[in-house]
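Below are the chains, spelled out letter by letter.
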There are 2 protein chains.
Amino acid sequence: MVHIVARHRSGTQARGEDTRRRILETALEIFATEGYEGASTRQLAEHADVNLPAIQYYFGSKEGLFRAVLEDIIEHTERHMAPLAPRVKAALADPMTSRDTLLDLLCEMLQSFVALVLGGTQIESRRLLFARSEVEDTPGLEQLHESGRRHVFAPCLELIARLLGRPADDPETSLRTLAVIGQVTIFCHKGALEAGGAEKFTPDRARLIQNLVREHTIAIFRAVSSKAASLQ
Amino acid sequence: MVHIVARHRSGTQARGEDTRRRILETALEIFATEGYEGASTRQLAEHADVNLPAIQYYFGSKEGLFRAVLEDIIEHTERHMAPLAPRVKAALADPMTSRDTLLDLLCEMLQSFVALVLGGTQIESRRLLFARSEVEDTPGLEQLHESGRRHVFAPCLELIARLLGRPADDPETSLRTLAVIGQVTIFCHKGALEAGGAEKFTPDRARLIQNLVREHTIAIFRAVSSKAASLQ
DNA sequence: GACATAGTCTATCGAGCGATATAAATGCAC
DNA sequence: GTGCATTTATATCGCTCGATAGACTATGTC
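An account of the accompanying structure is given in this report. It should be emphasised that the depicted structure is a prediction, and the values quoted were computed from it without experimental measurement.

Regarding the nonpolar core
Alright, step 1. Counting 150 residues, the largest nonpolar core has Phe31(A), Leu65(A), Phe187(A), Phe31(B), Leu65(B) and Phe187(B) as the members making the most contacts within it.
Alright, step 2. Each residue touching Leu65(B), except ones within four places of it in the same chain, is listed here: Ile23(B), Leu24(B), Ala27(B), Phe31(B), Leu44(B), Ile55(B) and Phe59(B).

A short note on the interface of chain B and chain A
Alright, step 1. Listed as interface residues are 48 residues of chain B and, on the opposing side, 48 residues of chain A.
Alright, step 2. Across the chain B to chain A interface the summed buried area is about 4400 Å²; carbon plus sulfur atoms make up 66%.
Alright, step 3. At the junction of chain B and chain A, the tally comes to 2 salt bridges.
Alright, step 4. Put simply, chain B and chain A have 6 residue pairs in polar contact (both at pLDDT 80 or more) between them.
Alright, step 5. Elements with a minimum of two residues in the side of chain B that touches chain A: helix 7 (123–133), helix 8 (141–164), helix 9 (171–185), helix 10 (190–196) and helix 11 (203–225) of chain B.
Alright, step 6. In the side of chain B that touches chain A, the residues fall into 21 nonpolar, 13 polar and 14 charged.

A closer look at the pattern of salt bridges
Alright, step 1. Under the counting rule described, the total for this entry stands at 34 salt bridges over all chains.
Alright, step 2. The partner of Glu108(A) in a salt bridge is Arg87(A), and the shortest N-O contact between them spans 2.8 Å. With Glu108(A) in helix 6 (residues 99–118) and Arg87(A) in helix 5 (residues 84–93), this residue pair connects regions lying 21 residues apart in the sequence.
Alright, step 3. Look at Glu108(A) and you get partly exposed, because its relative accessible area is 25%.
Alright, step 4. Among the ionic contacts, a cluster of salt bridges with common partners joins Arg166(A), Asp170(A), Glu172(A), Arg176(A) and Glu215(B).

Quick word on the relation of the copies chain B and chain A
Comparison of the two chain copies shows a relationship of rotation about an axis with a shift along it.
Alright, step 1. When chain B is fitted onto chain A, the two copies agree to an RMSD of 0.1 Å after a turn of 180 degrees and an axial shift of 0.0 Å. Such a combination of turn and shift is consistent with a two-fold rotation axis. The C-alpha atom lying nearest the rotation axis in chain B is that of Gly182(B); the distance is 2.3 Å.
Alright, step 2. Of the residues that chain B buries at the interface, 100% are likewise interface residues in chain A, meaning the two copies contact each other through the same surface.

Focus: the packing of aromatic side chains
Alright, step 1. In this structure the tally under the stated criterion is 10 aromatic pairs over all chains.
Alright, step 2. Seen in terms of ring centroids, Phe31(B) and Tyr36(B) are 5.8 Å apart; in terms of plane orientation they differ by 20 degrees. Their pairing is stacked. The residues Phe31(B) and Tyr36(B) share a single accessibility class, namely buried.
Alright, step 3. A centroid spacing of 4.9 Å and a plane angle of 75 degrees characterise the contact between Phe31(B) and Phe66(B), whose relative ring orientation is edge-to-face. One end of the pair, Phe31(B), is in helix 1 (residues 11–34); the other, Phe66(B), is in helix 4 (residues 62–81), with 35 residues separating them in the sequence.
Alright, step 4. These aromatic residues form a ring-pair network of at least three members: Phe31(A), Tyr36(A) and Phe66(A).

So, the layout of surface pockets
Alright, step 1. There is about 440 Å³ of room inside the largest pocket.
Alright, step 2. In this structure, the largest pocket is lined by 21 residues; those nearest its centre are Glu37(A), Glu136(A), Glu37(B), Gly38(B) and Glu136(B).
Alright, step 3. Of all the secondary-structure elements, those providing two or more residues to the lining of the largest pocket are helix 1 (11–34) of chain A together with helix 1 of chain B.
Alright, step 4. Residues of the lining of the largest pocket, tallied by class, amount to 3 nonpolar, 8 polar and 10 charged.

Structural notes on the environment of Leu52(B)
All names here are of chain B.
Alright, step 1. Relative to the helices and strands, Leu52 is located in the loop between helix 2 (41–47) and helix 3 (53–59).
Alright, step 2. What makes Leu52 partly exposed here is its relative accessible area of 30%.
Alright, step 3. When the C-alpha atoms of Leu52 and Arg42 are compared, they prove to be 6.0 Å apart, with 10 residues separating the residues in sequence.
Alright, step 4. Discounting chain neighbours no more than four positions away, the residues touching Leu52 are Thr41, Arg42 and Ala45.

Section: a negative patch on the surface
Alright, step 1. There is a patch of like negative charges on the surface, built from Glu34(A), Glu37(A), Asp137(A), Glu34(B), Glu37(B) and Asp137(B).
Alright, step 2. In this structure, Glu37(B) sits in the loop between helix 1 and helix 2.

Scoring rules and cut-offs
Residues numbered from 1 in each chain as written. Chains lettered and ligands numbered in written order. Predicted model: local features only at pLDDT ≥ 70, side-chain atom pairs only at ≥ 80, totals over all residues. Heavy atoms only, no water. Core = buried A, V, L, I, M, F, W, Y, C linked by side-chain atoms within 4.5 Å. Buried < 20%, exposed > 50% of the residue type's maximum accessible area, 1.4 Å probe, protein only. Contact = heavy atoms within 4.5 Å. Buried area = accessible area lost by both parts, 1.4 Å probe. Salt bridge = Lys/Arg side-chain N within 4 Å of Asp/Glu carboxyl O. Polar contact = N/O pair within 3.5 Å; in protein donor to acceptor, adjacent residues only side chain to side chain. Helix = DSSP H or I, 4+ residues; strand = E, 2+ residues; numbered from the N terminus. Nonpolar A, V, L, I, M, F, W, Y, C, P; charged D, E, K, R; others polar. Least-squares fit on C-alpha atoms with pLDDT ≥ 70 in both. Phe/Tyr/Trp six-rings, centres within 6.5 Å; stacked < 30°, edge-to-face > 60°. 1 Å grid on protein atoms, 1.4 Å probe; cavity = no way out; pocket = protein on both sides within 12 Å on 5 of 7 lines; lining within 4 Å. Points joined across faces, edges and corners; volume = space filled by probe spheres on them. Patch = residues over 30% accessible without salt bridge, like charges linked within 9 Å, V, L, I, M, F, W, Y side chains within 5 Å. Areas by Shrake-Rupley, 256 points an atom, 1.4 Å probe, with all protein chains shown as cover. Lys, Arg positive; Asp, Glu negative; His and termini not counted. Charge placed at Lys NZ, Arg CZ, Asp CG, Glu CD.

Below you can see the structure in the form of structure tokens.
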């Protein structure tokens, strides 16, 4: 029952801890490329260079392993988005915050989101798993989804609601928010790589995307604000 | 070997043809919700109300059935996008075409794309299968991808290249194109439904999305054109 | 009415899956 | 060194998968 109790390190336990992490890290890659159902426990064990029952031993089950992988990602997401959260919260709390400040915060949110999906360690795997979470229906993916909604979608929605002068639960507000975020999420898909002409997203490429999404977003909300913003 | 020879209709043959179509249509739904690997031949047969070997009989194999489903979708995509293609081609061929015309055509392309993924018959299934094609790695999906690239991405890319005054193979051009298209593709994901607050995309909702994507796109390219459009 | 063809049925194959029972190996405390 | 918990290894279970074999029925032809 190692996968439940807390770990204390020394000789054998330390080795066990290493094994656990090795399984966890290779599992991220394999789940990302093969999907949950597509990845077999035998494949997972082989790539982590452990024997088959090790997965049950450390994580209880294949599902337990998958959930552990997701928890790692969620934790990373939250840590990545954390610095911006209080600033957004403060800006929203103050009714006097200027439009420029709100718009600037929105752009920062989006740029941070680009950095999240295109940068950092294990980029490719996280990117693929994000994309999968939109499609598959696997135990635990709901949590990943929920995390994305809380740390990315919700703050953007609130900022955009203020920029539009509309309630956050207005359809137009949420649909515009989705459209704006869609500018970023499309880069999670492998089709975007091919169409972009490159094999991988280099840091240069990521920075270019950040700048251009910023430019688009500013253009959108400058235009929308200059009119009554009521269509249909 | 019915799945190869051409069909001629009369008594038994006509019944066979009906069975074939019934399998094809229910298979679209099941592949969309369960994925290629997730859908079992037993499930497919049961939902189509045929026995298990019927799939092998009519389509050779599970893979053959899947490819047949994709071909149906691709054909639908091409037929949907066909009316716009010659107008785009003509506009691009003429070096004197005005910016406003180019921008208007781009918006029409995007609106038509919205209608494709959110409207028509078997909407939900096609939408889900589009989303899956971005992630899964299944026989034949490459063709679907290729079709989307040729009928949606490529024309938009050419129009945007002209609007930016940049070559079509410039990274900025393709990345901007992806960002703009991303405004639409995000609505293929089920997460977009929940975040949008609705259970399904009603025609009203689809029209609202069309209008708002149009507005965003116009704002983006009016702003970009008004400056030298050279960043990073 | 005999025959060939088209279509459908039941039953079953071999392969791969996740999971486990069981036991050997490893390092710790005493 | 002996007892004990932790970690790794072998062998195998029960199940579902895609696919097929082969018998049976319905239809159109002559």
